[in-house]
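# Understanding the architecture of this molecule
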Amino acid sequence: MDKTTEFVEYISQAYNPKGDYIYLGAAMLNGKTFADAAVKIPLKTMNRHGLIAGATGTGKTKTLQILAENLSQKGVPVLLMDVKGDLSGIAKPSAGEDFLYERHKKLDFPFKASKAPVEFLSISEQDGVRLRATVSEFGPVLLSRILDVTPTQEGILAIIFKYCDDHHLPLLDLKDLKKMLQYITDEGRESIENEYGRISKASTGAILRKIVALEQQGAERFFGERSFEVTDLTRKNENGHGYVNIMRLTDIQDKPKLFSTFMLSLLAEIYTTFPEEGDREKPKLVLFIDEAHLIFKEASDALLDQIESIVKLIRSKGVGLYFVTQNPTDVPSEVLGQLGLKIQHALRAFTAKDRKAIKLSAENYPISKYYDTKNELTALGIGEALVSALDEKGRPLALAATMLRAPMSRMDILTNNELKDLILQSELRTKYNEEIDRESAYELLNKKIEEAKAKEAKEKAEIEALERKKAINRTNNRNSGKTQGAIIKVLTSATFIRGVMGVLNKLLK
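Let me begin by describing the structure that accompanies this report. (Residues numbered from 1 in each chain as written. Predicted model: local features only at pLDDT ≥ 70, side-chain atom pairs only at ≥ 80, totals over all residues. Heavy atoms only, no water.)

## Let's talk about the nonpolar core
- Among the nonpolar cores identified, the biggest contains 76 residues, and Met81, Phe259, Leu287 and Phe323 are the most heavily contacted of them.
- If one sorts the elements of this core by residue count, helix 9 (residues 256–273) sits on top with nine residues.
- Those residues in contact with methionine 81 that lie beyond four places of it in its chain are Leu87, Met247, Leu249, Phe259, Phe262, Met263, Leu266, Phe288, Ile289 and Asp290.
- Core analysis: the second largest hydrophobic core is formed by 65 residues, Met28, Ile66, Val76 and Leu341 among them. (Core = buried A, V, L, I, M, F, W, Y, C linked by side-chain atoms within 4.5 Å. Buried < 20%, exposed > 50% of the residue type's maximum accessible area, 1.4 Å probe, protein only. Helix = DSSP H or I, 4+ residues; strand = E, 2+ residues; numbered from the N terminus. Contact = heavy atoms within 4.5 Å.)

## Topic: the packing of aromatic side chains
- Across all of its chains, the model carries 12 aromatic pairs by this definition.
- Centroid distance phenylalanine 7 to tyrosine 370: 5.2 Å. Interplanar angle 70 degrees. Geometry classified as edge-to-face. You can see phenylalanine 7 sitting in helix 1 (residues 3–14) and its partner tyrosine 370 sitting in the loop between helix 13 (352–362) and helix 14 (373–379), a full 363 residues away along the chain. Of the two residues, phenylalanine 7 and tyrosine 370, neither departs from the other in class, the shared state being buried.
- In textbook terms, an aromatic cluster arises when at least three aromatic residues are bridged by ring pairs, as seen for Phe7, Tyr10, Phe34, Tyr370 and Tyr371.
- The ring of phenylalanine 274 carries the charged tip of lysine 284 above its face, separated from the ring centre by 4.7 Å.
- Directly above the ring of tyrosine 271 sits lysine 317, whose terminal nitrogen or CZ lies 4.7 Å from the centroid. (Phe/Tyr/Trp six-rings, centres within 6.5 Å; stacked < 30°, edge-to-face > 60°. Lys NZ or Arg CZ within 6 Å of the ring centre and 35° of its normal.)

## Quick look at a negative patch on the surface
- A cluster of acidic residues, Asp148, Asp301, Asp305 and Glu334, forms a negative patch on the protein surface.
- By the secondary structure assignment, aspartate 305 is in helix 11 (residues 301–313). (Patch = residues over 30% accessible without salt bridge, like charges linked within 9 Å, V, L, I, M, F, W, Y side chains within 5 Å. Areas by Shrake-Rupley, 256 points an atom, 1.4 Å probe, with all protein chains shown as cover. Salt bridge = Lys/Arg side-chain N within 4 Å of Asp/Glu carboxyl O. Lys, Arg positive; Asp, Glu negative; His and termini not counted. Charge placed at Lys NZ, Arg CZ, Asp CG, Glu CD.)

## A closer look at the side chain of serine 72
- With respect to the element layout, serine 72 can be found in helix 2 (residues 60–73).
- Classification of serine 72 as buried rests on a relative accessible area of 1%.
- Only 2.6 Å separates the side chain of serine 72 from the backbone oxygen of glycine 242, close enough to count as a polar contact. (Polar contact = N/O pair within 3.5 Å; in protein donor to acceptor, adjacent residues only side chain to side chain.)

## Some details on unusual backbone geometry
- The backbone phi angle of asparagine 30 is positive, close to 55 degrees, even though this residue is not glycine.
- Tracing the sequence through the fold places asparagine 30 in the loop between strand 1 (21–29) and strand 2 (32–42).
- Phi angles above zero are rare outside glycine, and histidine 49 is one such case at about 70 degrees.

## Quick notes on the packing of helix 4 (residues 135–147) against helix 5 (residues 151–166)
- At a minimum axis distance of 9 Å, the contact between helix 4 and helix 5 shows a crossing angle of 175 degrees. Regarding the angle of helix 4 to helix 5, the classification is roughly antiparallel. Between helix 4 and helix 5, the residues in contact are Val135, Ser136, Gly139, Pro140, Val141, Leu143, Ser144, Arg145 and Leu147 and Glu154, Leu157, Ala158 and Phe161, respectively.
- For the contact of helix 4 with helix 5, the residue count by class is eight nonpolar, three polar and two charged. (Axes fitted to C-alpha atoms, helices over the stretch in contact; angles between N-to-C directions. Parallel < 35°, antiparallel > 145°, perpendicular 65-115°, else oblique. Nonpolar A, V, L, I, M, F, W, Y, C, P; charged D, E, K, R; others polar.)

## Here's the deal with the sheet that holds strand 5 (residues 118–122)
- Strands sit in the order 2-1-12-11-10-3-9-8-4-7-5-6 across an open sheet of 12 strands; the sheet is mixed. At either margin of the open sheet sits one strand with a lone partner, and together these are strand 2 and strand 6 (129–130).
- Bridge count for strand 5 against strand 6 is two bridges, and the pairing is parallel. Residue pairing across strands places leucine 121 opposite valine 129, the latter belonging to strand 6.
- Of the strands in this sheet, strand 4 (78–82), strand 7 (244–248), strand 8 (285–290) and strand 9 (319–325) touch helix 9, which is tilted by about 170 degrees from strand 8. (Pairing = 2+ DSSP bridges.)

## A word on the side chain of glutamate 215
- With respect to the helices and strands, the residue glutamate 215 is situated in helix 8 (residues 201–215).
- Among the residues examined, glutamate 215 registers a relative accessible area of 19% and is labelled buried.
- For glutamate 215, the side chain forms a polar contact with the side chain of lysine 178, separated by 3.1 Å.
- Sequence-distant contacts of glutamate 215, that is, excluding residues within four places in its chain, are made with Leu174, Lys178 and Glu220.

## Examining helix 3 (residues 98–107)
- Within helix 3 the residues assigned to the buried category are Leu100, Arg103, His104 and Leu107. The arc that holds every buried residue of helix 3, seen down its axis, measures 95 degrees, which confines them to one face. In this structure, helix 3 carries Asp98, Phe99, Lys105 and Lys106 as exposed residues pointing more than 90 degrees from its buried face.
- If you follow the buried residues of helix 3, they end up packed against strand 1, strand 2 and strand 12 (400–404).
- Immediately downstream of helix 3, the backbone of aspartate 108 shows phi near 55 degrees, a positive value. (Arc of directions from axis to C-beta.)

## Remarks on the environment of aspartate 301
- Take aspartate 301: it is sitting in helix 11.
- For the pair aspartate 301 and arginine 145, spaced 156 residues apart in sequence, the C-alpha separation works out to 8.8 Å.

Remember that the coordinates give geometry; whether it matters functionally is a separate question.
See below:
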C-alpha cells in the first residue's frame with residue numbers, strides 16, 4: 001500500500017462517526033485534496049468546545065459560518081458574537097458563485113445554497129433584540145470579579161446585597177447600586193454598621209469609581225429590565241432548524257470590560273438555568289465567540305478563574321463554546337486545554353515573535369507522521385485548515401490538513417434594508433425592547449431618605465416651636481414680676497404713705 005492510499009484509509013477510518021455529523025471538507029496531503037478522505041465532525045462531540053484560529057484573511061469567519069449554519073440545519077441553536085459585523089449574511093442563501101462550485105467539485109460534495117433562521121441581538125446602541133440583566137442576577141461574587149475589587153470591597157458588596165434582600169430593595173440597574181453605596185456611606189451608615197459592622201468610606205468610594213468606569217463603556221444599557229431569558233436562545237423554527245442568534249457587537253471593540261461583563265453574565269446564567277444533560281446526541285446550544293481575545297484582554301486573575309470554571313462545567317449542560325481568534329496564544333492555556341475541536345488556519349511568520357508563536361501553536365496538535373505541523377501552518381491556503389477533533393468517545397482523532405467546504409449562506413453582509421426588515425419581523429423584539437424602570441432600590445431609598453428628612457424637619461420645627469413658647473413664657477413671667485414690684489414699691493413709699501395718712505386725717509376731722 002503506497003503512502004497516499006494509506007493516508008486516505010487512515011483519515012477515512014478516523015473520521016467515520018457512527019452517529020450524525022457535520023461534513024467539514026476533505027483531507028489534503030502534499031497540496032492535493034482527497035475527496036475520499038472526508039473530514040466529518042461528530043455532532044455528539046460539539047459540546048466539547050473548540051477553537052478556530054488563524055491569521056487575518058485566512059478564512060476563520062467562513063469556517064465559523066460553516067459550522068453555525070450546519071448546526072442550525074441539524075436542529076442545534078447557535079449564538080454568534082459578531083464583533084466585526086460580517087456574519088449577517090447567514091440569514092440569506094448564497095448566490096452560488098462559480099468558485100464555490102469549483103471547490104465542491106474538488107471535494108466531490110454537492111453545493112446547495114441555503115439560509116438559516118436568524119435573530120439579531122444587541123447590548124449596545126445597535127438595533128436588535130435588547131439583552132439585559134439585573135444587578136441582582138449577577139450577585140456579589142460575580143460582580144466583584146467583573147469590577148476587580150479587593151476582598152474588603154467584595155465584603156461591602158456582599159453586605160449591600162444582604163441588606164437589599166433583608167429590606168426588600170430590588171437591585172436592578174447601576175443607579176440602584178450607586179445609590180446603595182451612597183446610602184451606606186451617608187444617611188444609612190449608622191443603621192448599617194449597627195447591623196452588619198463598620199464600613200470604610202474609602203472602600204465605598206473605590207467601588208463607586210469602578211462602577212463609573214464600567215458605565216463609561218456603556219454598561220448602563222446592559223443592566224436593567226426586562227432580563228433576557230437564556231432559554232430564548234434555544235428556539236427552533238417550524239422546520240426544526242435551530243435559530244442562529246447573532247449578537248451585534250461592532251461598536252464595543254474598544255470596550256473589553258463591557259464585552260467580558262456580558263459574556264461572563266451570559267455563561268453564568270446559562271449554567272445556572274440549564275439542567276444537567278449528560279452526554280447528548282447533539283448539543284443544546286453552541287456559542288461562537290469571535291475576537292475572543294477581547295474577553296481575556298485586561299481581565300483580572302479572579303475573572304479568568306471564573307471563566308475557566310464555567311468553561312469546564314458548562315459542557316454538562318449540553319452547551320459548546322467555540323473561541324475564534326488570530327492566535328491560539330490569545331486564549332489562556334487553562335481554557336485552551338478544555339477545547340476538543342481545533343481548526344487552525346494559516347499563521348504568518350513575519351517576525352521572530354510570529355515564528356515563536358507558530359512553534360507554540362504547532363505543539364497544541366497531535367503528532368502526525370504525515371505532516372510537519374510547524375511548516376504546514378505557514379503553507380495552508382485560504383479556506384484550508386489543520387483540523388484536530390474528538391471521536392464519539394472523546395478520544396483525539398488524527399490531524400488532518402483540510403480543504404473546507406464553502407458556506408451555504410451568503411458570504412457577504414446584509415444590506416441595511418434587509419437587516420431592518422429581519423429585525424422588525426423578530427418575535428422577541430416586542431418582548432424585550434420595552435424599557436422598564438419599576439420602583440427599585442434607587443427610588444425606594446430616595447423615598448426613605450426624603451421621609452427621614454421630612455420627619456427630621458418636622459421634629460426640628462416642633463422643637464423650635466416649643467422653644468419659642470418657653471421663651472415667650474419666660475418673658476411674660478419677667479414682665480409680670482416687674483409690674484408687681486413697681487406697685488409694691490409705690491405702695492410702700494413714704495410719699496404714698498404720707499398722702500394716704502393726710503387723706504385719712506381730713507376724713508376723721
